[in-house]
Amino acid sequence: MDSSSKLFEQRESIRVEALRIGFDACGFARVDEVESSMCDAYRRWLDEGKQAQMAYLGNHLDLREDPRQLYLGARTMICVALNYYPVRFQPRENPQFAYYSYGDDYHEVMRRKLRQLAVFVTALSGDEGRVCCDTAPVRERYWAVRAGLGFIGKNAQLIIPGRGSFFFLGELLTTLELPPDNPVSSRCGDCRLCMEHCPTGAIVAPGEVDARLCISCQTIENRGDISSFVAERMGNRVYGCDTCQLCCPWNKSATPSVHPEFVLTEELFALDADRFETMTSDEYSRIFRRSAVKRAKYAGLKRNFEIWKKNRNGGEK
Ligand code: SF4
Ligand code: SF4
């Protein structure tokens, strides 16, 4: 077997292992510098303050723009996706949480599975690799496109053709040099549904979200007051917002996740307005002990609930 056939075989054996571990998609990108036009656009977005309270997005720009500095000798980015589209939903009359927060915090689930994949890759290459999942300064959606997983929609989400956008992303950097997959180009066409349906107009240009206006950012990351403009448009949401995904035609083909970790917990299912009203800090910690909702903190979630009550009583725009 010549060396290029061997590399293709190695790549496919990693892909098979990734699917066996439980990932819903897996692709491969050659690691080099992020395209300069993408770096410029990102820096401009930061300069304009559109990251809002997420100041950490401006950290480690050098690493963000070149993952080879994140993991010395990295040659391949293995990109994976995990489906979190719910099997069952919250009752519509309850204060609403974004689908991704229905079950366990995905960071742990993703890391556990990526570490399993890393063990397999180590057996092939001798290299331990570096696992990344949201917390490392990696342009996750950019690399997922380069690795052929999908394209970035006008809603700024990674969309997997035929499967939608309700996916968590993760990466494994390795020094193993593997043949890359083909990038996927945009398939939004003339559609603008997400831009039209966003309650606050936060999608200010195709693929560009102004987090100062985004309900998802404001309900989760904002530790102070939410502006009345955003608050009046939060509707029945208390944590996150799925609107620009729900209206996307690509999500008509979303199928329920098979991962038990992401199933709506009984406690969240039962969290109606009365329980929310009386929920103490200790109860909050218990209900969300394994959940991404901890990010919003007790005070933040209670603040959001007060807005929910106002909107229920006729304040919603
Ligand atoms: S998450 Fe909601 S508020 Fe943010 S861009 Fe999407 S639709 Fe708009
Ligand atoms: S709603 Fe339309 S424009 Fe927006 S991401 Fe989906 S396909 Fe693209």
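Report follows, based on the coordinates. (Residues numbered from 1 in each chain as written. Chains lettered and ligands numbered in written order. Predicted model: local features only at pLDDT ≥ 70, side-chain atom pairs only at ≥ 80, totals over all residues.)

**Focus: helix α1 (residues 3–21)**
Here is step 1: End to end, α1 covers 27 Å across 19 residues, agreeing with the expected 27 Å (1.5 Å per residue, within 8%).
Here is step 2: Of all the residues in α1, the buried ones are Arg11, Ile14 and Ala18. End-on, the buried residues of α1 take up no more than an arc of 60 degrees, which puts them together on one face. Exposed side chains of α1 directed beyond 90 degrees from the buried face belong to Ser5, Lys6, Glu9, Val16 and Arg20.
Here is step 3: On its buried face, α1 sits against β1 (25–30), β2 (76–83) and α4 (106–125).
Here is step 4: Once α1 finishes, glycine 22 follows within two positions and takes phi at roughly 125 degrees, a positive value. (Helix = DSSP H or I, 4+ residues; strand = E, 2+ residues; numbered from the N terminus. Expected span 1.5 Å × (residues − 1). Buried ≥ 20, exposed ≤ 12 C-beta atoms within 10 Å, placed from the backbone. Arc of directions from axis to C-beta. Contact = placed C-beta atoms within 7 Å.)

**Some details on the nonpolar core**
Looking at soluble globular proteins, one finds that nonpolar side chains tend to be buried together.
Here is step 1: Within the largest apolar cluster, 81 residues are counted, with the highest numbers of intra-cluster contacts made by Cys79, Val80, Ala81, Tyr84 and Phe167.
Here is step 2: With seven residues, the top contributor of residues to this core is α4.
Here is step 3: For this core, the domains that each give at least three residues are domain 1 (3–92 + 99–174) and domain 2 (193–315).
Here is step 4: Among all residues touching tyrosine 84, those that are not within four sequence positions of it are Tyr99, Tyr100, Tyr106, Phe166, Phe167, Phe168, Ser257 and Phe262. (Core = buried A, V, L, I, M, F, W, Y, C linked by C-beta atoms within 7 Å. Domains from an automatic or database assignment.)

**Overview of the site of ligand 2**
Here is step 1: Surrounding ligand 2, one finds Gly153, Lys154, Asn155, Cys188, Cys191, Arg192, Leu193, Cys194, Cys247, Cys248, Pro249 and Trp250.
Here is step 2: Looking at the shell around ligand 2 residue by residue, the classes come out as eight nonpolar, two polar and two charged.
Here is step 3: Two domains each donate at least three residues to the shell around ligand 2, and these are domain 1 (3–92 + 99–174) and domain 2 (193–315). (Near = placed C-beta within 6 Å. Nonpolar A, V, L, I, M, F, W, Y, C, P; charged D, E, K, R; others polar.)

**A short note on unusual backbone geometry**
With glycine set apart, most residues show a phi of negative sign, and most peptide bonds adopt trans.
Here is step 1: The phi torsion at histidine 60 lies on the positive side, around 50 degrees, for a residue other than glycine.
Here is step 2: Note on placement: histidine 60 falls in the loop between α2 (36–47) and α3 (61–65).
Here is step 3: For histidine 60, a count of 14 C-beta atoms within 10 Å corresponds to the partly exposed category.
Here is step 4: One non-glycine residue, lysine 297, lies in positive phi territory at about 65 degrees.

**Some points on the sheet that holds β1**
Here is step 1: The antiparallel open sheet is built from four strands, whose spatial order is β1-β2-β7-β4. Each edge of the open sheet carries a strand with a single partner, namely β1 and β4 (130–132). Adjacent strand axes in the sheet meet at a mean angle of 20 degrees when their direction is disregarded.
Here is step 2: Docked against the sheet, α1 engages β1 and β2, running at close to 145 degrees with respect to β1.
Here is step 3: Lying on the sheet, α4 is in contact with β2, β4 and β7 (167–174); it crosses β7 at an angle near 30 degrees. (Pairing = 2+ DSSP bridges. Axes fitted to C-alpha atoms, helices over the stretch in contact; angles between N-to-C directions.)

**Some details on the site of ligand 1**
Here is step 1: The environment of ligand 1 is formed by 13 residues, the closest being Cys198, Cys214, Cys241, Thr243 and Cys244.
Here is step 2: When residues of the shell around ligand 1 are traced back to their parent elements, those giving at least two are α7 (215–220) and α9 (243–246).
Here is step 3: The residue makeup of the shell around ligand 1, split by class, is nine nonpolar, four polar and no charged.

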